[in-house]
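Observations on the three-dimensional arrangement
Next come the chains, spelled out residue by residue.
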Amino acid sequence: MEIQANNLKRQFDLHAGEYNRKALEVLDSGWYILGKEVKEFEKEFASYIGSKYCAGVASGMDALTIAFRILGIGKNDEVIVCSNAYIACVMGITLNDATPVFVEPDEYDNLDADKIEEKINAHTRAILAVHLYGQSCDMTKICELARKYNLKVVEDCAQAHGTAWKDKKCGSIGDIACWSFYPTKNLGAFGDGGAITTNDPEYDAQVRVIRNYGSKKLHYENDIIGMNSRLDEMQAGLLRVKLTYLDELNKERNRIAKRYLTEVQNPLIRPLLTRPGSNNVYHQFVIHCAKRDQLMAYLKENGISTIIHYPIPPHLQKAYECLGYQKGDFPIAEKYANEVLSLPMYNGMTSEEIDYVIDKLNHFEG
Ligand SMILES: *Cc1c(COP(=O)(O)O)cnc(C)c1O
């Protein structure tokens, strides 16, 4: 049996008729940028998240870049971020000339809130809470620290569409939240897309100006030096269709996860658990294995593809040589990079496929 790590065609096929109808409707409308679909999607997504405002942008990377710009975070400023975060999180900080300050992850593979305080100094301006793999950071502790030291909280929700911390959805808790609709995300578009949600009308207004060449009007009056970062009508229309199924799609991911959690019984494999206080939308189903590379090769031999999220932590990437870190500086992030593996997890995965993956995992002997 051949099983991909992810299979977007399966998810498309679940509601293909509706996507096809919407795509033709947008084509037929004659209006392709900043129109009715984007406006309606922004309203519907803000309402789903429980935040007051939502503005579409071109990608998750742009959302992060714009968020720090709006907060006025730049040269000589520091932003706290998890040492095992995705590279885009760090780039959003450094594209604004600010400095990332890494904090090691805890046993839930995400920002250890108990290790933040020791990194706060006079330059610290914000905490970037990346809700990695589909579960929430400890937003209670993070928001308490932010209040105590007068810091901003930016949420990276690119892997957390539908995740909640206690009774609030991620993306409605911090000052600004950044979203990606890259096709593999839980709420994935059919191309690139992103958004910023916030409860602050000023921040929302600034996103709308920056994303459109610094213009408040549709065309040709430019108040500031902005950029071109817009969610297009086609993606917004298709996202509106998918948003109506998001809870259902997340439930299906939870059903697959539950089978992995209960039926994978191999002492060499430790599934990542969910932090109490958070739910999990299982953007990835991550396991730890000391013999990760052997496990990955063994699964591949048996037709099962898996992915490592992520093999090189940001502080060891060539792009960030300029930060001056070396191997050993963030030992937990480095250990995780050698141990983590994301099992096949996608909507439309059949029970035979799940059976097969579980059986192979249980027969792995190292
Ligand atoms: C995907 C992702 C991004 C970047 O989103 P793009 O839309 O691909 O630019 C940022 N942060 C995290 C945590 C992500 O998973």
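Residues numbered from 1 in each chain as written. Predicted model: local features only at pLDDT ≥ 70, side-chain atom pairs only at ≥ 80, totals over all residues. Heavy atoms only, no water.

1. With respect to the overall build of the protein
- Within the protein one finds twelve helices and twelve strands.
- Here the protein has a C-alpha radius of gyration of 21 Å; the compact-globule value for 366 residues is 21 Å, and the two agree.
- In terms of its C-alpha atoms, the protein occupies a principal-axis envelope of roughly 65 × 55 × 40 Å.
- Taking the contacts inside the protein whose residues are at least 6 apart along the sequence as the reference set, 71% of them involve residues at least 24 apart.
- The positive charge centre, built from 42 side chains, and the negative charge centre, built from 50, are 2 Å apart in the protein. (Helix = DSSP H or I, 4+ residues; strand = E, 2+ residues; numbered from the N terminus. Rg over C-alpha atoms; globule rule 2.2 N^0.38 Å. Contact = heavy atoms within 4.5 Å. Lys, Arg positive; Asp, Glu negative; His and termini not counted. Charge placed at Lys NZ, Arg CZ, Asp CG, Glu CD.)

2. Quick notes on the site of the ligand
- The full set close to the ligand counts 13 residues, and G60, D156, Q159, S180 and K185 are the nearest of them.
- Between a nitrogen atom of the ligand and a side-chain N or O atom of D156, the distance comes to 2.7 Å.
- A distance of 2.8 Å separates an oxygen atom of the ligand from a polar side-chain atom of Q159.
- In the complex, 91% of the free accessible area of the ligand, which totals 380 Å², lies under the protein chains.
- Elements represented by at least two residues in the shell around the ligand include exactly α4 (60-70) and α5 (87-94).
- Per-element tally for the shell around the ligand: the top contributor is α4, with three residues. (Near = heavy atom within 4 Å. Polar contact = N/O pair within 3.5 Å; in protein donor to acceptor, adjacent residues only side chain to side chain. Areas by Shrake-Rupley, 256 points an atom, 1.4 Å probe, with all protein chains shown as cover.)

3. Here's the deal with the pairing of strand β8 (residues 176-180)
- Taking burial as the measure, the five residues of β8 include five buried ones, the bulk of the element.
- Burial of β8 is two-sided: the residues I176, C178 and S180 facing one way and the residues A177 and W179 facing the other way are all buried.
- With three bridges connecting them, strand β5 (residues 152-156) and β8 associate as parallel partners. Note on β8: the bridge partner recorded for D156 is C178.
- Across five bridges, the pairing between β8 and strand β9 (residues 194-198) is antiparallel. Across the sheet, S180 pairs through a bridge with G194, a residue of β9. (Buried < 20%, exposed > 50% of the residue type's maximum accessible area, 1.4 Å probe, protein only. Pairing = 2+ DSSP bridges.)

4. Digging into the packing of α4 against α5
- Closest axis-to-axis distance for the α4/α5 pair is 8 Å, and the angle between their directions is 35°. Relative to α5, α4 is oriented so that their crossing is right-handed. Residues M61, L64, T65 and F68 of α4 touch α5, and the partners they reach there are A88, C89, M91, G92 and I93.
- Class assignment for the residues of the contact of α4 with α5 results in seven nonpolar, two polar and no charged. (Axes fitted to C-alpha atoms, helices over the stretch in contact; angles between N-to-C directions. Left-handed = near helix turned anticlockwise from the far one by under 90°. Nonpolar A, V, L, I, M, F, W, Y, C, P; charged D, E, K, R; others polar.)

5. Some points on the domain arrangement of the protein
- Considered domain by domain, the protein is made up of domain 1 (8-243) and domain 2 (246-362).
- Between domain 1 and domain 2, the residue contacts involve 46 residues of the former and 44 residues of the latter.
- Note on domain 1 versus domain 2: buried area summed over both sides is about 3,700 Å², and carbon and sulfur give 55% of it.
- It is R10, Y133 and N186 that lose the most area in domain 1 upon contact with domain 2, and together they represent 20% of the buried surface on that side.
- Summed over the shared surface of domain 1 and domain 2, the result is two salt bridges.
- For R10, the salt bridge is made with E353, and the minimal N-O distance between the two is 2.7 Å. (Domains from an automatic or database assignment. Buried area = accessible area lost by both parts, 1.4 Å probe. Salt bridge = Lys/Arg side-chain N within 4 Å of Asp/Glu carboxyl O.)

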